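Residue strings, one per chain:
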Amino acid sequence: MSVKKIIPLFFILISISYIVFSLSIEQRRMIGDIGGWDPGSRAMPLGIGILMLLTSAYLFFKESLLSTSKSTKLDKSQRNLIIFVIIISLIYILIFRYIGFIIATNIYLYSLAFFNYKKEIKWRFIPDYLTGLLSITVFGLIIYSVSRYTIRFLFLMGKKNSIEVFTGRLLPAFISIAIAYLLIFLVNLLAKKLIKYPDRKIILSSTIFAIIVTQTLYIIFKQIFWVNLVNGIVFW
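Overview of the structure. (Residues numbered from 1 in each chain as written. Predicted model: local features only at pLDDT ≥ 70, side-chain atom pairs only at ≥ 80, totals over all residues. Heavy atoms only, no water.)

1. Examining the environment of Lys-222
Within the secondary structure, Lys-222 is located in helix α8 (residues 198–224). Accessibility expressed as a relative area gives 23% for Lys-222, which makes it partly exposed. Along the primary structure Lys-222 and Arg-169 are separated by 53 residues, whereas in three dimensions their C-alpha atoms are 9.6 Å apart. Not counting the four nearest positions on each side in its chain, Lys-222 is found in contact with Arg-148, Val-227, Asn-228 and Leu-229. (Helix = DSSP H or I, 4+ residues; strand = E, 2+ residues; numbered from the N terminus. Buried < 20%, exposed > 50% of the residue type's maximum accessible area, 1.4 Å probe, protein only. Contact = heavy atoms within 4.5 Å.)

What follows is the structure, given as structure tokens:
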């Protein structure tokens, strides 16, 4: 991957992190704002995060498409893909608080990865894309649940046996993410042996990428920095 694609991808992750922090800020308004003109304490950082995300996604896909094309201009299908990326970025921001960090971020990153592999949007991709959405949702929730209950188990064991390192932040986070990575590695290894079709391998690669990034962000924010991430429909 070229530097021109790595930098926008890095800023996509930074933008997601910024949006997550923005939504975790307590909403406050100015005292005496009778007219209701004060947008609240979240407005500025959230607006910056949205702008960063849209710009980074646009630059990433533009560079990705131009690198595979002999022309220096984007054709109609490539422009449609960039429009799709901008739309799905907006959808991610809109549904984030309703379906939660884990599901929304998994779906968003999976969509970016899937269509980055495809380089264009066609109706025949829809069945594979929907199959991937189902797999990323189910597998993502499994990995999340394993990490969640691992941290909870370590905390309770540390509390019961007076083991302070198990009730802290770093060691439980490290053990949790190590178990998650091990499960992802084993599933990826098994799936690669079973999957023979290239289209299915794209689904697998996109799913693995999304889950690794999402779970890593979750552990960093939730366990290490204790950021109040939105659970949405994930009630456990």
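Structure's up, so let's keep going.
2. Some points on helix α4 (residues 101–118)
Given a rise of 1.5 Å per residue, 18 residues ought to cover 26 Å, and the 26 Å separating the end C-alpha atoms of α4 matches this to within 8%. By the criterion of burial, α4 is predominantly enclosed, with 16 of the 18 residues buried. One or two positions beyond α4, positive phi appears at Lys-119, with a value near 70°. (Expected span 1.5 Å × (residues − 1).)

3. Quick word on a nonpolar patch on the surface
Taken together, Ile-7, Phe-10, Phe-11 and Ile-14 make up a surface patch of nonpolar side chains, about 360 Å² in accessible area. Here Ile-14 shows up in helix α1 (residues 3–24). (Patch = residues over 30% accessible without salt bridge, like charges linked within 9 Å, V, L, I, M, F, W, Y side chains within 5 Å. Areas by Shrake-Rupley, 256 points an atom, 1.4 Å probe, with all protein chains shown as cover. Salt bridge = Lys/Arg side-chain N within 4 Å of Asp/Glu carboxyl O.)

4. Brief notes about the packing of aromatic side chains
All chains considered together, the criterion is met by 13 aromatic pairs. Residues Tyr-110 and Phe-114 carry aromatic rings whose centres are separated by 5.7 Å and whose planes lie at 35° to one another, so their mutual orientation is tilted. Linking Tyr-110 with Phe-114, this pair stays in helix α4, spanning four residues, or about one helical turn. Look at Tyr-110 and you get buried, because its relative accessible area is 0%. (Phe/Tyr/Trp six-rings, centres within 6.5 Å; stacked < 30°, edge-to-face > 60°.)

5. Brief notes about the side chain of Asn-106
Here Asn-106 lies in helix α4. Residue class for Asn-106 comes out buried when judged on its relative accessible area of 3%. Side-chain polar atoms of Asn-106 contact the side chain of Thr-214, separated by 3.0 Å. Filtering out sequence-adjacent residues up to four positions away, Asn-106 remains in contact with Phe-101, Ile-136, Gly-140, Ala-210, Ile-211 and Thr-214. (Polar contact = N/O pair within 3.5 Å; in protein donor to acceptor, adjacent residues only side chain to side chain.)

6. Points about the packing of α4 against α8
Remark: α4 packs on α8, axes separated minimally by 8 Å, with the N-to-C direction vectors making an angle of 140°. Accordingly, the angle class assigned to the pair α4 and α8 is oblique. For the pair α4 and α8, the sense of crossing is right-handed. Classifying every residue of the contact of α4 with α8 gives 15 nonpolar, seven polar and two charged. (Axes fitted to C-alpha atoms, helices over the stretch in contact; angles between N-to-C directions. Parallel < 35°, antiparallel > 145°, perpendicular 65-115°, else oblique. Left-handed = near helix turned anticlockwise from the far one by under 90°. Nonpolar A, V, L, I, M, F, W, Y, C, P; charged D, E, K, R; others polar.)

7. So, the pattern of salt bridges
Within this structure, the stated rule accounts for three salt bridges. The salt bridge partner of Lys-118 is Asp-199, with a shortest N-O separation of 3.2 Å. Of this pair, Lys-118 sits in helix α4 while Asp-199 sits in helix α8, and the two are 81 residues apart along the sequence. Exposure remark for Asp-199: the relative accessible area of 35% places this residue in the partly exposed category. Asp-128 serves as the salt-bridge partner of Arg-200, at 2.7 Å between the closest nitrogen and oxygen. Here Arg-200 is found in helix α8, whereas its partner Asp-128 is found in helix α5 (residues 126–161), with 72 residues between them in sequence.

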